[in-house]
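# Survey of secondary and tertiary structure
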Amino acid sequence: MNKHGNEEPVFEIGVVVPRRMVQEKDESCDCAYVLVKEFEKVGFVVERVIGIADEFIKLAAPLETLGRAAAELQIKKRTVIGMDLQFDVEEVEAFVKQPDGSVFSWCERFQCYCHLIYGIVNNSKTAKTLKFDGKEINWAIGENLLLKLESENIVKQVFPLHDEKKRKKLLRSWALHWWDFTSQPIDEIYSYYGAKIAIYFAFLGMYTRWLLFPAAFGLTLQLIDFGSLKLVVLPVFFVMVILWAVMFSQFWKRKNSALLARWPISSTVAADPVYKISGRKASSWQPPMELIRVFEFDRAKEKEVFQRHEWLGRLMRFRNDAIIIFSIICLQLPFELAYAHLYEILDSDVIKFGLTAIYLFAIQYITKIGGKVSVKLIMNENNENTEKRADSLVYKVFGLYFMQTYIGIFYHALLHRNFSTLRQVLIQRLLLSEVLENLLENSLPYLKYSYKKYRVRHKKKSEKGEAREKIQFTSRVEKEYLKPSYSASIGEELEDGLFDDFLELALQFGMILMFACAFPPAFAFAAVNNIMEIRTDALKLLAILRRPVPRAAATVGAWLNIFQFLILMSICTNCALLAWLYDEEGKWKIEPGLAAILIMEHVLLLIKFGFSCFVPEEPAWVRANRAKHTTQAQDMCYKKLLRSISGGDRTLGEEKKLE
């Protein structure tokens, strides 16, 4: 965003309009021309670009335009004294600047852009007739222009644009910065992509750094033959790994709170909570303040409606969770167990390979169906906002992936008790997830992009009738439009590509932790993969995909609870593995060794729940800053109140003398 009027405008939004086959004689009625003029009236800096197959309208917004939109949206921003106050463009110096020096964050700017773009309506006294390719469109009084043109397929898409200067800087300092394994410019990532993506990379970087210690320990166990001391060393490794996981989850909370304190994130950018009012349309959702206004003269009914809404929402979520759990147990579990059993009893490697191919094809289909069912169920839940709905999707879909990923390993570990097969399966799963999935994750978007470019070229050549002519994409905005979006593989209505990235980390975390005693070098595999993941994910976002739509949420959300659940599961599974190693004959007698393992399990569970009380979730400096800002705000309100009571006769100079 521009800080000075003489700076070159930064175009951050693109609007896509098809190229016309017929040029209108009266340009004032042309849809694209009217669209540009309306954008200019709003206050945008507009640039039109003619592409090969489409026309693009690039938009940039000066500070005054964004400030007006922020005031209309009543966006609250953090001030220098720590209070969140409604933005006023005349008092811009009172608000905390972003890490890159701009007034608004990328999330706030995108919200302002959307408000201005989709706020254009026909304010004239008569309807207007617009034309496009010989087709007439009636723009009625009070009708939204963008929604009208989108319904007529004249505006194909509105999407964020990369800032080429910042993108190239991030490529050098982040995506191509290989020599410093886990170092990342988190503040620059936050400024460019928003809080949610920055939090993901901060989490990934911290997780990777913390992996280095158990990776070194695991490699030591693999390379050194401890002989008879194996049953002593493995429990030590197991205890160390559990303590490591518990400390990591708790110290991540501290880091997350420190990042939130460092970034001036607006509390109103996130979606407001919404509630449904009985007696209105089923799709009518109202914020709590409007509910209060509706029932302000009937407090008893207001309380009754809120209570009904609260418990109805909880019952609906419980019902949906029960449906998903029942489906997993009755439909997916038998399928997974049948595959694991057949894989165990078959001798031919060729048949095993064919069975695995059929299984992978079928399980992807089953997972997609489960994801679609989950989305439909979530749409009927009374979740407070978009992030709550996304968290609900995470819990439901992770249950499907948990069964898909781990049930076969549980089968080999706990039923057949075949240690060599268990290690073989773990190595195969790790190589599959760490290598093949990364290749697909980064190659598929590029292949999609190349295919889209091929289709545009082929269509253009067919129209011209010149098959040999080489068509080049010269405009950067058209190249960005053809790139794939950063979307989730399941439930893209609620989630973006971070769903798949976090899911990959969670499944990896569970695999290396729940079976740590069976294959200690798995931590080294994970550490190497994550070092690669940091750079490949950065390269994917900067070079292969469009700039994602920002999300205001500044925590990992439901994923942290999933990591906590996996820690609890790992305590149980590793104790079972140790008991199996100790009791090789399968007698399951309560001998001193087995008793020690059972005691260790209960002690670790106690440590898991007790450590969260021992280590505070917020650093001391965060709490101190919050207390300081609260005191400053109270002092200012106190002085303003006294001045208003005394009639305001005291001058500002006199107040300073009193201070």
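Below or above, wherever it landed, is the structure these notes cover. (Residues numbered from 1 in each chain as written. Predicted model: local features only at pLDDT ≥ 70, side-chain atom pairs only at ≥ 80, totals over all residues. Heavy atoms only, no water.)

### Comments concerning the pattern of salt bridges
A full pass over the atoms with the stated rule returns 22 salt bridges. Asp187 is paired through a salt bridge with Arg262; the nearest N and O atoms lie 3.0 Å apart. Of this pair, Asp187 sits in helix H6 (residues 186–193) while Arg262 sits in helix H8 (residues 230–262), and the two are 75 residues apart along the sequence. Among the residues examined, Arg262 registers a relative accessible area of 47% and is labelled partly exposed. We note a salt bridge from Glu441 to Lys540, for which the minimum N-O separation is 2.7 Å. Residue Glu441 is found in helix H13 (residues 419–464), and its partner Lys540 is found in helix H16 (residues 522–544); the two are separated by 99 residues along the sequence. (Salt bridge = Lys/Arg side-chain N within 4 Å of Asp/Glu carboxyl O. Helix = DSSP H or I, 4+ residues; strand = E, 2+ residues; numbered from the N terminus. Buried < 20%, exposed > 50% of the residue type's maximum accessible area, 1.4 Å probe, protein only.)

### Thoughts on unusual backbone geometry
Working note: non-glycine residues mostly have negative phi, and peptide bonds are mostly trans. With a phi close to 60 degrees, Gln74 is a non-glycine residue in the positive phi region. As for its placement among the helices and strands, Gln74 is situated in the loop between helix H2 (63–73) and strand E4 (76–78). Relative accessible area serves as the criterion here: at 51%, Gln74 is assigned to the exposed category. The phi dihedral of Asn153 is positive, around 60 degrees, even though this residue is not glycine.

### A look at the packing of aromatic side chains
Throughout the structure, instances matching the rule amount to 35 aromatic pairs. An angle of 85 degrees between the planes, with centres 4.7 Å apart, marks the rings of Trp174 and Phe201 as edge-to-face. Here Trp174, found in helix H5 (residues 164–175), pairs with Phe201, found in helix H7 (residues 195–223); they are 27 residues apart in sequence, far enough to count as distant. Residue classification places Trp174 among the buried positions, given a relative accessible area of 0%. Directly above the aromatic system of Phe159 lies the positively charged group of Arg546, at a separation of 5.1 Å from the ring centroid. (Phe/Tyr/Trp six-rings, centres within 6.5 Å; stacked < 30°, edge-to-face > 60°. Lys NZ or Arg CZ within 6 Å of the ring centre and 35° of its normal.)

### Some remarks on the state of the cysteines
Counting across every chain of the model gives 0 disulfides. Among the cysteines around Cys112, which has no disulfide bond, Cys114 carries the closest sulfur, lying 9.5 Å off. The buried category is assigned to Cys112, whose relative accessible area is 0%. Not engaged in a disulfide, the cysteine Cys517 finds its nearest cysteine sulfur in Cys575; these two sulfurs lie 8.1 Å apart. (Disulfide = S-S within 2.5 Å.)

### Looking at the sheet that holds strand E1 (residues 13–18)
Strand order in the open sheet formed by 4 strands is E2-E3-E1-E8, and the pairing between neighbours is antiparallel. The open sheet has two edge strands, strand E2 (45–50) and strand E8 (157–160), and neither has a second partner. Adjacent strand axes in the sheet meet at a mean angle of 25 degrees when their direction is disregarded. Of the pairings in the sheet, the one linking E1 to E8 comprises 4 bridges and is antiparallel in character. Within E8, the residue paired with Gly14 across the bridge is Phe159. (Pairing = 2+ DSSP bridges. Axes fitted to C-alpha atoms, helices over the stretch in contact; angles between N-to-C directions.)

### Comments concerning empty space enclosed by the protein
The full count for this structure, using the stated rule, is 2 cavities of 30 Å³ or more. Its volume calculated, the second largest cavity comes out at about 60 Å³. Contributing to the lining of the second largest cavity are 13 residues, with Lys196, Val394, Glu495, Arg551 and Trp559 lying nearest its centre. Counting residues per element, the ones that place at least two in the lining of the second largest cavity are helix H12 (386–415), helix H15 (498–514) and helix H17 (558–582). (1 Å grid on protein atoms, 1.4 Å probe; cavity = no way out; pocket = protein on both sides within 12 Å on 5 of 7 lines; lining within 4 Å. Points joined across faces, edges and corners; volume = space filled by probe spheres on them.)

### A look at H7
Compared with an ideal rise of 1.5 Å per residue, which puts 29 residues at 42 Å, H7 spans 42 Å between its outermost C-alpha atoms and is within 8% of the ideal. The sharpest bend along H7 measures roughly 30 degrees and falls at Leu212, with the proline Pro214 sitting one to four residues further on. (Expected span 1.5 Å × (residues − 1). Bend = angle between axes of the 7 residues up to and from the residue.)

### What to know about the packing of H7 against H16
Packed helices, taken two at a time, are described by their axes: the angle between them and the distance between them. One can describe the packing of H7 onto H16 by two numbers: an axis separation of 7 Å at closest approach and a directional angle of 155 degrees. Of the possible angle classes, the one that applies to H7 and H16 is roughly antiparallel. Note on packing geometry: the crossing formed by H7 with H16 is left-handed. The residues of H16 that touch H7, namely those facing Ile197, Tyr200, Phe201, Leu204, Gly205, Tyr207, Thr208, Leu211, Leu212, Pro214, Ala215 and Leu219, are Phe523, Ala524, Ala526, Ala527, Asn530, Ile531, Glu533, Ile534, Asp537, Ala538 and Leu541. Considered class by class, the residues forming the contact of H7 with H16 number 18 nonpolar, 3 polar and 2 charged. (Parallel < 35°, antiparallel > 145°, perpendicular 65-115°, else oblique. Left-handed = near helix turned anticlockwise from the far one by under 90°. Contact = heavy atoms within 4.5 Å. Nonpolar A, V, L, I, M, F, W, Y, C, P; charged D, E, K, R; others polar.)

### What to know about the pairing of strand E7 (residues 135–139)
Relative to E7, strand E6 (residues 128–132) is paired through 5 bridges, and the arrangement is antiparallel. Residue pairing in the sheet places Lys128 in a bridge with Trp139 of E7. Following E6, the chain reverses through 2 residues before pairing antiparallel with E7; Asp133 in that reversal takes a positive phi of roughly 55 degrees.

### Some words on the nonpolar core
Counting residues in hydrophobic clusters, the biggest one holds 110 residues, and the most contacted among them are Trp174, Phe523 and Trp559. Apart from residues lying up to four places away in sequence, Phe523 is in contact with Leu211, Pro214, Ala215, Phe237, Val241, Trp244, Ile512, Leu513 and Ala516. Leu35, Phe44, Leu59 and Leu145 belong to the second-largest nonpolar core, a separate cluster that totals 40 residues. (Core = buried A, V, L, I, M, F, W, Y, C linked by side-chain atoms within 4.5 Å.)

### What about the pairing of E2?
Where E2 and strand E3 (residues 54–60) come together, 6 bridges link them in antiparallel fashion. Counted as the bridge partner of Val46 is Leu59 from E3. Linkage of E2 to E3, two consecutive antiparallel strands, is achieved through a turn of 3 residues.

### As for the environment of Leu422
Summarising the element assignment, Leu422 is placed in helix H13. Classification of Leu422 as buried rests on a relative accessible area of 0%. Separated by 14 residues in sequence, Leu422 and Gly408 have C-alpha atoms that sit 9.3 Å apart.

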